[in-house]
Amino acid sequence: MSKEVKSVEYGLEKIFEGAQDFLPLLGTDYVEFYVGNAKQAAHFYKTAFGFQSHAYAGLETGMTDRVSYVLKQDKIRLVLTTALNSSSPIGEHVKKHGDGVKVIALWVEDAKKSWEETTNRGAKSYQEPITTSDENGEVVTAGIYTYGETVHMFVERKNYKGQFLPGYEKWESDYNPTPIGLKYIDHMVGNVGWGEMNTWVKWYEDVMGFVNFLSFDDKQIHTEYSALMSKVMSNGNGRIKFPINEPAEGKKRSQIEEYLDFYEGPGAQHIAVATDDIIETVKQLRARGIEFLSAPPQAYYDEIPGRLGVHMDIMKEDLKVLQSLAIMIDADEEGYLLQIFTKPVEDRPTLFFEIIQRMGAKGFGAGNFKALFESIEREQEKRGTL
Ligand code: FE2
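Residues numbered from 1 in each chain as written. Predicted model: local features only at pLDDT ≥ 70, side-chain atom pairs only at ≥ 80, totals over all residues. Heavy atoms only, no water.

Some details on the environment of valine 310
And then number 1: As for its position among the elements, valine 310 is in the loop between helix 8 (304–308) and helix 9 (311–314).
And then number 2: Looking at valine 310, the relative accessible area reads 63%, which means it is exposed.
And then number 3: Valine 310 sits 23 residues away from glutamate 333 along the chain, and the two C-alpha atoms are 9.6 Å apart. (Helix = DSSP H or I, 4+ residues; strand = E, 2+ residues; numbered from the N terminus. Buried < 20%, exposed > 50% of the residue type's maximum accessible area, 1.4 Å probe, protein only.)

Next comes the structure, spelled out in structure tokens:
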């Protein structure tokens, strides 16, 4: 583990020493996917993940080149966008990458200042600050590029009372599957190319004022066959966490390499969403057709009491039930966490979801990496991409 930044308590929030405050972030505002068919993707996220219809923009609302469906569950907003013609850059994005994350939007107090501070520090601009308005007030947005073709938009909505953004209408639907307990985005992981991890770590430090608070090298993250390296970047208040992965040499092809081959470049690898009741959430997801990576072997679960130590006494969940759902368990000094990973949610083996329940632990399941990656390798084997 390299540079680890000490954290200090400020009320309920952790402020990381060394993080800079030129870019105060209030949270994740939304995540926008560019997809081949937003209408059908929206149906999938409603049905399988329990998202609720929230807002819509398209021909009916005066949008001529695209259609966007906004879905909501507790604090999470997903936007699913498709081009309405062949000359759209949205279509080009889908052609190159398949369905994937285009925008990781960040909620800020001052979008113009956020854009100025980051572009002055070397960020490539995606969109200069623009103010849009409707009868509900005004919103300021601006954007910068991060890895690959992925974008961070800054969204300032303190003077807006509308449903989502100007141009969007409330989306009322007769089809409203129940939510499944997804609460907020815990972290979002980016995959970057060979030897590029430290470049992007430095970019998040210099341009965004983030700090690197956890690092894992290929000696820690490897199986018999493949390896990767990862560094976790966090903003000052700890609300935004972006681990960055790069592939590492192994006997066979790393899952990160497989991603880069199929996404045709760097991009968002997984979105981790938090729940307070992972057993119920995963039962629901399984019942609604979501496929997860296969369960770790019996030996993994046999070792859990030893690995958890004192946390085993406070664990409320039944180990047998967790095992039956293939949920994994890890612990650090502060507590334990429960997590599980879906298979990729598109045809290309690219983006997937993590469901996570934190019971005090602040880590990312390092103790599960080996079991997790062996499970991913079993899938790669089936795809012929290991
Ligand atoms: Fe994760």
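From this point, the discussion proceeds with the structure in view.
Some remarks on the sheet that holds strand 17 (residues 328–332)
And then number 1: Here we have 8 strands laid out as an open sheet, ordered 13-14-15-12-16-19-18-17, and mixed in their pairing. Of all the strands in the sheet, just strand 13 (211–216) and strand 17 have a single pairing partner and so form its edges. In this sheet, neighbouring strand axes are inclined to one another by 25° on average, regardless of whether the strands run parallel or antiparallel.
And then number 2: Relative to strand 19 (residues 352–359), strand 18 (residues 335–341) is paired through 5 bridges, and the arrangement is antiparallel. Within strand 19, the position partnered with leucine 338 by the bridge is glutamine 357. (Pairing = 2+ DSSP bridges. Axes fitted to C-alpha atoms, helices over the stretch in contact; angles between N-to-C directions.)

Observations concerning the domain arrangement of the chain
And then number 1: The domains assigned to the chain are domain 1 (5–19 + 180–383) and domain 2 (27–170).
And then number 2: Computed from C-alpha coordinates alone, the two centres of domain 1 and domain 2 are separated by 25 Å.
And then number 3: With 36 residues of domain 1 at the contact, the number on the domain 2 side is 38 residues.
And then number 4: Of the roughly 3,000 Å² buried between domain 1 and domain 2, counting both surfaces, carbon and sulfur atoms make up 66%.
And then number 5: Its largest share of buried area at the contact with domain 2, domain 1 owes to Leu182, Val207 and Tyr263, together 18% of the area lost on that side.
And then number 6: At the surface where domain 1 touches domain 2, the tally comes to 2 salt bridges. (Domains from an automatic or database assignment. Contact = heavy atoms within 4.5 Å. Buried area = accessible area lost by both parts, 1.4 Å probe. Salt bridge = Lys/Arg side-chain N within 4 Å of Asp/Glu carboxyl O.)

What about the coordination of the iron ion?
And then number 1: Here the iron ion is held by the protein donor atoms His187 (NE2), His270 (NE2) and Glu354 (OE), which lie 2.0 to 2.2 Å from it.
And then number 2: Sequence positions of the donors to the iron ion reduce to the motif H-x82-H-x83-E. Taken together, the positions of histidine 187 in strand 12 (residues 182–191) and glutamate 354 in strand 19 put the pair 167 residues apart, joining distant regions of the chain. The pair histidine 187 / glutamate 354 is uniform in exposure class, with both members buried. (Donors = N, O, S within 2.8 Å, 3.2 Å for Na, K, Ca; no water.)

As for the sheet that holds strand 5 (residues 66–73)
Two orientations exist for strands paired in a sheet by backbone hydrogen bonds: parallel and antiparallel.
And then number 1: Pairing is mixed across the open sheet formed by 9 strands, whose spatial order is 8-9-10-7-3-6-5-4-11. Each edge of the open sheet carries a strand with a single partner, namely strand 8 (125–134) and strand 11 (169–170).
And then number 2: Examined bridge by bridge, strand 4 (residues 52–57) and strand 11 share 2 bridges and lie antiparallel to one another. If you follow alanine 55 over to strand 11, its bridge partner there is lysine 170.
And then number 3: Seen against the sheet, helix 1 (residues 38–49) touches strand 3 (25–34), strand 4, strand 5 and strand 6 (76–83) and runs at an angle of roughly 10° to strand 5.
And then number 4: Sheet strands in contact with helix 2 (residues 89–97) are strand 3, strand 5, strand 6 and strand 7 (100–108), and its direction is about 100° off that of strand 6.

Describing the packing of aromatic side chains
And then number 1: The final tally for this structure, using the stated rule, is 24 aromatic pairs.
And then number 2: Measuring from centroid to centroid gives 5.1 Å for phenylalanine 44 and tyrosine 45, while their planes differ by 80°, and the two rings are edge-to-face.
And then number 3: Measuring from ring centre to ring centre gives 5.9 Å for phenylalanine 210 and phenylalanine 242, while their planes differ by 15°; the resulting arrangement is stacked. Placement of phenylalanine 210 in the loop between helix 4 (197–208) and strand 13 and of phenylalanine 242 in strand 15 (residues 241–248) is noted, with a sequence separation of 32 residues between them.
And then number 4: Classification of phenylalanine 210 as buried rests on a relative accessible area of 2%.
And then number 5: It is arginine 121 that lies over the ring of phenylalanine 22; its NZ or CZ is 3.4 Å from the centre.
And then number 6: The lysine or arginine in question, arginine 358, covers the ring of phenylalanine 364, its NZ or CZ lying 5.3 Å from the ring centre. (Phe/Tyr/Trp six-rings, centres within 6.5 Å; stacked < 30°, edge-to-face > 60°. Lys NZ or Arg CZ within 6 Å of the ring centre and 35° of its normal.)

Structural notes on helix 3 (residues 111–120)
And then number 1: Within helix 3 the residues assigned to the buried category are Ala111, Ser114, Trp115, Glu117, Thr118 and Thr119.
And then number 2: Considering only its buried residues, helix 3 is in contact with strand 7, strand 8, strand 9 (137–145), strand 10 (151–156) and helix 4.
And then number 3: The N-terminus of helix 3 is capped by aspartate 110, whose side-chain oxygen sits 3.3 Å from the backbone nitrogen of lysine 112.
And then number 4: Backbone geometry just downstream of helix 3 places glycine 122 in the positive-phi region, at approximately 110°. (Polar contact = N/O pair within 3.5 Å; in protein donor to acceptor, adjacent residues only side chain to side chain.)

Structural notes on helix 1
Each α-helix winds once per 3.6 residues, and so residues spaced three or four apart point in a common direction.
And then number 1: With 12 residues, helix 1 should cover 16 Å at 1.5 Å per step; its first-to-last C-alpha distance of 15 Å lies within 8% of that length.
And then number 2: Among all positions of helix 1, only Ala38, Ala41, Ala42, Tyr45, Lys46, Ala48 and Phe49 are buried. (Expected span 1.5 Å × (residues − 1).)

Focus: the pairing of strand 4
And then number 1: Counting buried residues along strand 4, 5 of its 6 residues qualify, which places the element largely inside the surrounding structure.
And then number 2: As paired strands, strand 4 and strand 5 are joined by 5 bridges and run antiparallel to one another. Looking at the pairing, serine 53 lines up with leucine 71 of strand 5.

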